[in-house]
Amino acid sequence: MDIFAYLIKCLGQLTELNKLAHDLLQANPYRAETWTAIAMYYDAKGKKEKALFHIDKALDLDTYHAMAHHYKGLIYISLKQYEHAVQSLRPAQLIHKNLPLYKALVSAYLSLHDYQNATTFAREAPNTLGNTASVMCLIGLVHSHSKDSAEQEKGKGIFVDALKRDATCLDAVTGLCTLYK
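The text that follows walks through the structure, step by step, so that each part is easy to find.

So, how was this worked out
The written sequence of each chain sets the order in which its residues are numbered from 1. Residues qualify for local features only when their pLDDT is at least 70, as the model is predicted, and side-chain atom pairs are given and counted only at 80 or more; totals for whole chains, interfaces and linings, by contrast, use all residues. Side-chain measures were taken over the full set of non-hydrogen atoms in the model, leaving aside hydrogen atoms and water. Strands here are runs of E lasting at least two residues and helices are runs of H or I lasting at least four, both read from the DSSP assignment and numbered beginning at the N terminus. Residue exposure (1.4 Å probe, protein chains only): buried if accessible area is under 20% of the type maximum, exposed if over 50%, otherwise partly exposed. Here the expected length of a helix is defined as 1.5 Å per residue gap, with one fewer gap than residues. Contacts are residue-level and defined by heavy atoms, with any inter-residue pair within 4.5 Å sufficient. Here, nonpolar core refers to any group of buried Ala, Val, Leu, Ile, Met, Phe, Trp, Tyr and Cys residues whose side-chain atoms link them within 4.5 Å.

Of note in the backbone geometry, Lys80 takes a positive phi value of approximately 60° without being a glycine. One non-glycine residue with positive phi stands out, namely His113, at about 60°. Along the chain, the position of His113 falls in the loop between α7 (99–111) and α8 (115–129). Look at His113 and you get exposed, because its relative accessible area is 57%.

In this section: helix α9 (residues 133–144). For α9, with twelve residues, the first-to-last C-alpha span of 16 Å sits near the 16 Å given by 1.5 Å per residue. With ten of its twelve residues buried, α9 lies for the most part within the structure. Those residues of α9 that sit buried are Ala133, Val135, Met136, Cys137, Leu138, Ile139, Gly140, Val142, His143 and Ser144. Where the residues of α9 are buried, they touch α7, α8, α10 (149–165) and α11 (170–179).

On to the nonpolar core, then. Membership of the largest hydrophobic core comes to 57 residues, with the highest contact counts inside it found for Ile55, Ile77, Leu89, Val106 and Leu138. A total of nine residues in this core trace back to one element, the largest contributor, which is α7. With residues near it in sequence (within four places) discarded, Val106 still touches Ala118, Phe121, Ala122, Leu138, Leu141 and Val142.

Structure follows, in structure tokens:
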């Protein structure tokens with residue numbers, strides 16, 4: 001249900017998110033999903049510290065709840081606390097590998113200017129998730145963040161290849177737009 005809560009949050013439907021969080025709390029206050037959904041509500045309201053408090057409650061109930069780790073990392077990214085973000089995202093990545101998680105990890109490492117770890121996770125993603133256009137873009141993203149124009153050209157080439165594979169790949173379009181700024 002916390003994934004559903006995340007989708008509701010992304011749609012900006014705070015009233016529905018509040019109702020879902022309340023219903024989950026009434027149904028079972030001993031599930032990590034409940035507290036993760038509550039954290040998402042507080043995050044959507046801009047109450048980051050309260051959101052982190054509730055995420056920690058979720059992790060106290062289930063230390064292996066990947067979504068709680070992942071969402072905690074996203075909160076830290078929004079606070080520009082990238083070291084904390086990485087510390088939260090790494091356990092999620094060990095528990096459940098998915099594209100949004102790899103994107104968050106690569107982004108956090110790039111924000112820390114840690115190109116080695118960003119590259120490591122960008123290159124691991126295709127082995128784990130398959131070589132889709134969006135997964136390819138992770139490596140393009142790392143190249144595009146380089147100060148070296150040759151590396152940026154590699155990134156551009158990867159984004160173009162991703163678009164050849166999937167003409168609707170938003171990650172590739174976004175990557176190219178960033179390079180052409």
